[in-house]
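Here's the letter readout for the chains.
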Amino acid sequence: MGERGNADRRGEEDDRAQVAESGGRGEVAGCGVEGGLNTVLRFSRATEPEELFTGQWQSRSTKLDAFKPFLDQRWQEGCTNAWKLWEEIKAQGCPDGQGNVRAHVSRNLRGKPQPVGPRLPSAHTVTSGA
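Now for a description of the structure that goes with this document. Since this is a predicted model, take the numbers as computed values, not measurements.

Here's the deal with the packing of helix H3 (residues 68-76) against helix H4 (residues 82-91)
Phase 1 of the analysis: Orientation of H3 relative to H4, taken along the N-to-C sense of each, is 135°, at an axis distance of 11 Å. On the basis of the axis angle, H3 is oblique to H4. Our pair here, H3 against H4, has a crossing hand that is right-handed. When H3 is examined against H4, the residues Phe-70, Leu-71 and Arg-74 are found in contact with a partner set consisting of Leu-85, Glu-88 and Ile-89.
Phase 2 of the analysis: For the contact of H3 with H4, the per-class residue count stands at 4 nonpolar, no polar and 2 charged.

Some words on the packing of H4 against helix H5 (residues 98-109)
Phase 1 of the analysis: Across the interface, H4 lies against H5 with an axial gap of 9 Å and an inter-helix angle of 125°. In terms of orientation, H4 lies oblique with respect to H5. Regarding H4 and H5, the two cross each other, and that crossing is right-handed. Packed against H4, whose contacting residues are Ala-82, Trp-83, Leu-85, Trp-86 and Ile-89, the element H5 presents Gln-98, Val-101, Arg-102 and Val-105 at the interface.
Phase 2 of the analysis: Of the residues belonging to the contact of H4 with H5, the class tally is 7 nonpolar, 1 polar and 1 charged.

Looking at the pattern of salt bridges
Phase 1 of the analysis: Within the structure shown, the criterion is met by 4 salt bridges.
Phase 2 of the analysis: In this structure, the salt-bridge partner of Asp-65 is Lys-68, at a minimum N-O distance of 3.0 Å.
Phase 3 of the analysis: Since its relative accessible area comes to 31%, Asp-65 is described here as partly exposed.
Phase 4 of the analysis: Glu-88 is the partner of Arg-74 in a salt bridge, and the nearest nitrogen-oxygen pair spans 2.8 Å. In this pair, Arg-74 is assigned in helix H3 and Glu-88 in helix H4, connecting sequence segments 14 residues apart. Taken individually, Arg-74 and Glu-88 each receive the classification buried, so the pair is uniform in this respect.
Phase 5 of the analysis: Each of Arg-74, Glu-77, Lys-84 and Glu-88 takes part in a single network of salt bridges with overlapping partners.

Side note on the environment of Trp-75
Phase 1 of the analysis: With respect to the element layout, Trp-75 can be found in helix H3.
Phase 2 of the analysis: C-alpha separation for the pair Trp-75 and Leu-109, spaced 34 residues apart in sequence, amounts to 7.4 Å.

Some remarks on the environment of Pro-95
Phase 1 of the analysis: When you line up the elements, Pro-95 lands in the loop between H4 and H5.
Phase 2 of the analysis: Expressed as a C-alpha distance, the spacing of Pro-95 and Lys-63, which sit 32 residues apart in the sequence, is 6.9 Å.

Focus on the side chain of Glu-88
Phase 1 of the analysis: Exposure remark for Glu-88: the relative accessible area of 16% places this residue in the buried category.
Phase 2 of the analysis: With sequence-adjacent residues up to four places away left out, Glu-88 is seen in contact with Phe-70, Arg-74 and Cys-79.

Some points on the environment of Thr-62
Phase 1 of the analysis: Within the secondary structure layout, Thr-62 lies in the loop between helix H2 (37-45) and H3.
Phase 2 of the analysis: Distance in space between the C-alpha atoms of Thr-62 and Asn-100 is 9.8 Å, their sequence separation being 38 residues.

Examining the nonpolar core
Phase 1 of the analysis: One finds Leu-64, Leu-85, Ile-89, Val-101 and Val-105 to be the most contacted residues of the largest nonpolar core, which totals 13 residues.
Phase 2 of the analysis: The leading source of residues in this core is H4, at 4 residues.
Phase 3 of the analysis: Once residues lying within four places of it in the same chain are set aside, the contact partners of Leu-85 are Leu-71, Arg-74, Cys-79, Val-101 and Val-105.

Cut-offs and rules
Residues numbered from 1 in each chain as written. Predicted model: local features only at pLDDT ≥ 70, side-chain atom pairs only at ≥ 80, totals over all residues. Heavy atoms only, no water. Axes fitted to C-alpha atoms, helices over the stretch in contact; angles between N-to-C directions. Helix = DSSP H or I, 4+ residues; strand = E, 2+ residues; numbered from the N terminus. Parallel < 35°, antiparallel > 145°, perpendicular 65-115°, else oblique. Left-handed = near helix turned anticlockwise from the far one by under 90°. Contact = heavy atoms within 4.5 Å. Nonpolar A, V, L, I, M, F, W, Y, C, P; charged D, E, K, R; others polar. Salt bridge = Lys/Arg side-chain N within 4 Å of Asp/Glu carboxyl O. Buried < 20%, exposed > 50% of the residue type's maximum accessible area, 1.4 Å probe, protein only. Core = buried A, V, L, I, M, F, W, Y, C linked by side-chain atoms within 4.5 Å.

See below:
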């Protein structure tokens, strides 16, 4: 093994020794993250937050998955009301509840650009017949 591999292993051994001195549980310095050795090591070695996104809940399918393209399309068409979107997919047979649609809209669609169309006429223009 090269020099780099030995340095990594020595660093890991130092980390393990430091955690063992603290009674088998450790803390990532300055983060307030506590846990077992593997948890502490995983947090201390992560260089990007995405490295910590692992586990059983990642990329899990939902009842809403089949309707997400439709929701995205309707969002792009200008429908931004989660209740209205839920009613539309419920009529198409979606078994999921309104709360999950609202959560999807707020997590994934809010902030996505919407097409800018012509300005709507004012109430005065519509009622005056001009």
